[in-house]
Amino acid sequence: MSVESAARDAQISEIRGSVKALCARYGEQYWLELDATRGYPTQFVRELTEAGFLTALIPEAYGGAGLGVLEAAVIMEEISRSGAHAGACHAQMYVMGSILRHGSETQKRLYLPKIAAGELRLQSFGVTEPTTGTDTTNLKTTATRVGDNYIINGQKVWISRVEHSDLMLLLARTTSRDQVARKTEGLSAFIVDLRDAVGHGLDVRPINAMINHHACELFFTDLKVPAENLLGEEGRGFRVILDGMNAERILIASECVGDGRYFTDKSVAYANERIVFGRPIGQNQGVQFPIARCHAEIEAAALMVDKAARLFDAGLDCGAEANMAKMLASEASWRAGDVAMQTHGGFAFAREYHIERKFRETRLYQIAPISTNLILSFVAEHVLGLPRSF
Ligand SMILES: Cc1cc2nc3c(=O)[nH]c(=O)nc-3n(C[C@H](O)[C@H](O)[C@H](O)COP(=O)(O)OP(=O)(O)OC[C@H]3O[C@@H](n4cnc5c(N)ncnc54)[C@H](O)[C@@H]3O)c2cc1C
């Protein structure tokens, strides 16, 4: 091991310890109450931001911690492992990558230091639409240039944390699909200032959902967005969004590793302490083996997350690894959740045991931000060279 990598590993272990200590001050009861009341963890997110954890990926030149995706992944993993719902804040980590890579120097200076200081929240990412779903390039929301503004019309669905964010990264079509050579052209990305937009062309309606993810429907009616809020070149917004996706996949995968380790910790503890037929249930191999299998699956997924993060930080292509990490980790965490439910028997259904909440929460990651089928399609067609299916 080189001196450099030993120093990095030492720093990562220090970060792990600090995030763990911060999360321990909140505890599972905090998350249980938020889930029951559909509340937002404002204080938790503030504290994470002030400690520099949520701004890990913002370079030091813009006031951030200037860390890599490997460190960011450990932060998300520890948040999830503590029993928290990291989905309340994960977008702040990776959405800003689009500004960093595609923003003008003026935009970077305007937004990044304020995001790093916690004065501006960039928690919202508006892509999915009700009629087109995963077929992103077919989206129907339009942005039409009129003078110094773009006028936005259309609809989005499942857009998380809009009510708890100041800014949203929005993808809309600026040139109709029949006028571009490739379906990925003609889309543009915008930074929407939600403080100006809501109630002035943007209507936000919360969705009553299975988990407390603060997801909303958005209705745009002649919303004016200043032309200077265009991110990157007009018509090349798909690239802006795509570029942030590998980091997003890696960070979501690390949340799943955290969830998986959380479930295994809980299963082991309960299987050791619950006595039935005069012995701990964990003494039965029918209880032990599923837990052991989940442990092995999560540790294997964690290795893929680690590989993807190191490739990303080295500036190397990591599309295959980031996608595979997300798929493997989300499936492993779901199975670990299912095993934790089984291990806890009837008590798994009691909310005070927290298992059912985490079970609901970790299920999301096989669907969002990208479903397992779409990852398999990417691996089959882009990695293995099988024929395109769409
Ligand atoms: C709680 C929550 C929060 C979310 N937050 C956000 C957010 O902040 N921002 C945002 O933009 N979006 C968000 N989403 C949306 C999410 O990214 C989408 O739900 C997801 O991408 C799937 O799209 P869809 O729901 O339209 O499913 P569809 O595209 O309708 O797909 C339905 C099913 O069919 C499968 N399928 C579709 N086409 C194919 C194919 N060609 N081959 C094989 N299988 C296929 C899919 O894999 C999926 O299982 C969120 C969703 C949820 C539930």
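Residues numbered from 1 in each chain as written. Predicted model: local features only at pLDDT ≥ 70, side-chain atom pairs only at ≥ 80, totals over all residues. Heavy atoms only, no water.

Brief notes about the nonpolar core
Line of reasoning, step 1. The biggest cluster of nonpolar side chains holds 90 residues, and the ones touching the most others in it are Ile-79, Met-93 and Leu-251.
Line of reasoning, step 2. Broken down by element, the residue count for this core peaks at twelve residues, all from helix H10 (residues 245-273).
Line of reasoning, step 3. Ignoring sequence-local partners within four residues, the contact set of Ile-79 consists of Val-19, Cys-23, Phe-44, Leu-48, Ala-84 and Ala-86.
Line of reasoning, step 4. Counting 21 residues, the second largest nonpolar core, distinct from the first, contains Tyr-150, Ile-152, Val-204 and Phe-220. (Core = buried A, V, L, I, M, F, W, Y, C linked by side-chain atoms within 4.5 Å. Buried < 20%, exposed > 50% of the residue type's maximum accessible area, 1.4 Å probe, protein only. Helix = DSSP H or I, 4+ residues; strand = E, 2+ residues; numbered from the N terminus. Contact = heavy atoms within 4.5 Å.)

Describing a nonpolar patch on the surface
Line of reasoning, step 1. Side chains of Val-383, Leu-384 and Leu-386 sit close together on the surface and give an oily, nonpolar patch of about 290 Å² of accessible area.
Line of reasoning, step 2. Structurally, the position occupied by Leu-386 is in the segment after helix H14 (372-383). (Patch = residues over 30% accessible without salt bridge, like charges linked within 9 Å, V, L, I, M, F, W, Y side chains within 5 Å. Areas by Shrake-Rupley, 256 points an atom, 1.4 Å probe, with all protein chains shown as cover. Salt bridge = Lys/Arg side-chain N within 4 Å of Asp/Glu carboxyl O.)

Overview of the pairing of strand E5 (residues 187-193)
Line of reasoning, step 1. Burial analysis of E5 places seven of its seven residues in the buried class, which makes it a mostly covered element.
Line of reasoning, step 2. Alternating positions in E5 separate into two faces, Leu-187, Ala-189, Ile-191 and Asp-193 on one and Ser-188, Phe-190 and Val-192 on the other, with burial throughout.
Line of reasoning, step 3. Note that strand E4 (residues 167-173) and E5 share seven bridges and pair antiparallel. Bridging from a neighbouring strand, Met-168 pairs with Val-192 of E5. (Pairing = 2+ DSSP bridges.)

Looking at the environment of Leu-187
Line of reasoning, step 1. Topologically, Leu-187 is positioned in strand E5.
Line of reasoning, step 2. The sequence separation of Leu-187 and Pro-387 amounts to 200 residues, and the corresponding C-alpha distance is 26 Å.
Line of reasoning, step 3. Beyond its immediate stretch of four places on either side in the chain, Leu-187 contacts Thr-137, Leu-139, Leu-171, Ala-172, Arg-173, Thr-174, Gly-235, Arg-236, Gly-237 and Phe-238.

What to know about the state of the cysteines
Line of reasoning, step 1. Counted under the stated rule, the structure contains zero disulfides.
Line of reasoning, step 2. Unpaired in terms of disulfides, Cys-89 finds its nearest cysteine sulfur in Cys-23, a separation of 8.7 Å.
Line of reasoning, step 3. Using a relative accessible area of 0% as the deciding quantity, one classes Cys-89 as buried. (Disulfide = S-S within 2.5 Å.)

Things to note about the side chain of Thr-343
Line of reasoning, step 1. Assignment of secondary structure puts Thr-343 in helix H12 (residues 319-343).
Line of reasoning, step 2. A polar contact of 2.7 Å, which involves the side chain of Thr-343, links it to the backbone oxygen of Val-339.
Line of reasoning, step 3. With residues up to four places along the chain from it excluded, the contact list for Thr-343 reads Ser-267, Tyr-270, Ala-271, Ile-281, Val-287 and Ile-291. (Polar contact = N/O pair within 3.5 Å; in protein donor to acceptor, adjacent residues only side chain to side chain.)

Concerning the site of the ligand
Line of reasoning, step 1. Neighbouring the ligand are 17 residues, the closest being Phe-125, Thr-128, Thr-134, Trp-158 and Ser-371.
Line of reasoning, step 2. Between the ligand and Thr-128 there is a distance of 2.7 Å, counted from a nitrogen atom to a side-chain nitrogen or oxygen.
Line of reasoning, step 3. Taking Ser-371, its side chain carries an N or O atom lying 2.5 Å from an oxygen atom of the ligand.
Line of reasoning, step 4. Isolated, the ligand exposes 980 Å² of accessible area, and the fraction of that covered by the protein chains is 65%.
Line of reasoning, step 5. Listed by contribution, the elements that provide at least two residues to the shell around the ligand are strand E3 (149-160) and H14.
Line of reasoning, step 6. The biggest single contributor to the shell around the ligand is E3, with three residues.
Line of reasoning, step 7. Its residues assigned to classes, the shell around the ligand comprises ten nonpolar, seven polar and no charged. (Near = heavy atom within 4 Å. Nonpolar A, V, L, I, M, F, W, Y, C, P; charged D, E, K, R; others polar.)

Here we look at the environment of Tyr-94
Line of reasoning, step 1. Along the chain, the position of Tyr-94 falls in helix H5 (residues 90-94).
Line of reasoning, step 2. Each residue touching Tyr-94, except ones within four places of it in the same chain, is listed here: Ala-247, Glu-248, Leu-251 and Ile-252.

A word on the packing of aromatic side chains
Line of reasoning, step 1. Scanning the model with the defined rule gives nine aromatic pairs in all.
Line of reasoning, step 2. Ring centres 5.5 Å apart and planes at 40° place the aromatic pair Phe-347 and Tyr-353 in the tilted group.
Line of reasoning, step 3. By the ring-pair criterion, three or more aromatic residues cluster together here, those being Tyr-26, Tyr-30, Trp-31 and Phe-44.
Line of reasoning, step 4. Geometry around Phe-219 places Arg-205 over its ring, the cationic atom sitting 4.1 Å from the centre.
Line of reasoning, step 5. A cation over an aromatic ring shows up here: Lys-358 above the ring of Tyr-262, its NZ or CZ 4.9 Å from the ring centre. (Phe/Tyr/Trp six-rings, centres within 6.5 Å; stacked < 30°, edge-to-face > 60°. Lys NZ or Arg CZ within 6 Å of the ring centre and 35° of its normal.)

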